[in-house]
Amino acid sequence: MKFCSNCGHAVTLKIPPGDSLPRYVCDACHTIHYQNPRMVVGCIVEWEDRILLCRRAIEPRYGCWTVPAGFMENGETTQDGAMRETLEEANARIEILPLYALYNIPHINQVYLLYRARLLDLDFRPGAETLETSLFAESGIPWNELAFATVRNTLTHYYQDRRLGHYGFHSGTIERLRISPDTTRRNPDG
Ligand SMILES: [Zn+2]
């Protein structure tokens, strides 16, 4: 950030009085511009024994497959956001099921929340940010062409759970090079 979104004056990175972290502070109107992690919301969309994946028409990971997900908007719930992203990316109508996974990704300042969801009909097609949408059985999942570690990790848990006949809730932290469950988190050198 270089300029104040309130008055247009230059900002300076400094620790405000009483704070403990550096913030962008406007030198003219003294507004403190806090920056916080962003929420990514999405879902695993089920149709019988298959799930809906979207092939990305945008960077990052152009051409790779992902579950419908995107940045949450102001004024919506996490469920609203997951439904909206599924509609935008796959033109698919869904019913939201229980929350399935939460991932912290501190090095890019994001938190992922993924719900399970039920596809309501087969009238889906790619949205503007999607090259292709398709239903995949487990045997057809393009594991080597999945866009993100969050997706790979979530789907791995998903199929393990499905074999066990019970969907749990999974949370973890994705470090730059590894994924660790929150309960056994180690530092990158550990
Ligand atoms: Zn200002």
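By convention here, each chain's residues receive numbers from 1 onward along its written sequence. This being a predicted model, a pLDDT of at least 70 is required before a residue's local features are given, and a value of 80 or more before pairs of side-chain atoms are given or counted; all residues contribute to the totals for chains, interfaces and linings. In computing side-chain properties, one takes all heavy atoms of the structure into account and sets aside hydrogens as well as water.

Concerning helix 2 (residues 149–164)
Threshold: A run of H or I in DSSP counts as a helix once it spans at least four residues, and a run of E counts as a strand once it spans at least two, with each numbered from the N terminus. An expected span of 1.5 Å times one less than the residue number is assigned to each helix. Working definition: with a 1.4 Å probe on protein chains only, accessible area under 20% of the residue-type maximum means buried, over 50% means exposed, and in between means partly exposed.
The terminal C-alpha atoms of helix 2 lie 23 Å apart, and with 16 residues this matches the ideal 22 Å at 1.5 Å per residue to within 8%. Where helix 2 is concerned, the buried positions are T150, V151, N153, T154, L155, Y158, Y159 and D161. Just downstream of helix 2, G165 is the residue with a positive phi angle, here 80°.

Brief notes about unusual backbone geometry
With an omega of -5°, the peptide bond between E59 and P60 qualifies as cis. Residue H30 is not a glycine yet carries a positive backbone phi of 65°. Relative to the helices and strands, H30 resides in the loop between strand 2 (23–26) and strand 3 (32–33). Notably, E48 is not glycine yet its phi reads approximately 50°, a positive angle. Mapped onto the elements, E48 comes out in the loop between strand 4 (38–47) and strand 5 (50–56). Look at E48 and you get exposed, because its relative accessible area is 66%.

Some remarks on the packing of aromatic side chains
Any aromatic ring pair is given by two values, namely how distant the centres are and how the planes are angled relative to each other. In plain terms, the rule: When the centres of two rings from Phe, Tyr and Trp lie within 6.5 Å, Trp using its six-membered ring, the rings pair. Their planes under 30 degrees apart give stacked, over 60 give edge-to-face, and anything left gives tilted.
Within this structure, the stated rule accounts for 6 aromatic pairs. Both rings, one in W143 and one in Y159, keep their centres 6.4 Å apart while their planes meet at 75°; by these two values the pair is edge-to-face. One end of the pair, W143, is in the loop between strand 10 (130–136) and helix 2; the other, Y159, is in helix 2, and 16 residues separate them in sequence. For W143, a relative accessible area of 29% translates into the label partly exposed.

Notes on the sheet that holds strand 2
As a reminder, the rule being used: Two strands are counted as paired when DSSP detects at least two bridges linking them.
A sheet is described by the order of its strands in space; here 3 strands give the open sequence 1-2-3, paired in antiparallel fashion. The two strands at the open ends of the sheet, each matched to only one other strand, are strand 1 (11–14) and strand 3.

Here's the deal with the confidence of the model for the protein chain
Here is the rule we go by: A residue's pLDDT is simply how confident the predictor is in it, with values from 0 to 100. Here, two residues are considered to be in contact whenever any of their heavy atoms come within 4.5 Å of each other.
Chain-level statistics for the protein chain give a pLDDT mean of 93 and a share of 93% at 70 or above. Contacts of residues 184–190 to residues separated by more than four positions or lying in other chains number 8 contacts, the stretch itself having pLDDT below 50.

Brief notes about the environment of R56
Here is the rule: Here a polar contact means two N or O atoms within 3.5 Å. Within protein one must be a hydrogen donor candidate and the other an acceptor candidate, and residues neighboring in sequence count only if both atoms are side-chain atoms.
Here R56 is to be found in strand 5. Assessed through its relative accessible area of 12%, R56 is described here as buried. It is 8.8 Å that separates the C-alpha atoms of R56 and E89, two residues lying 33 residues apart in sequence. R56 has contacts with R61, Y62, G63, C64, T66, E129, L131, A147 and F148, leaving out every residue within four places of it along the chain. Here the side chain of R56 touches P60 through a polar contact of 2.7 Å, landing on its backbone oxygen.

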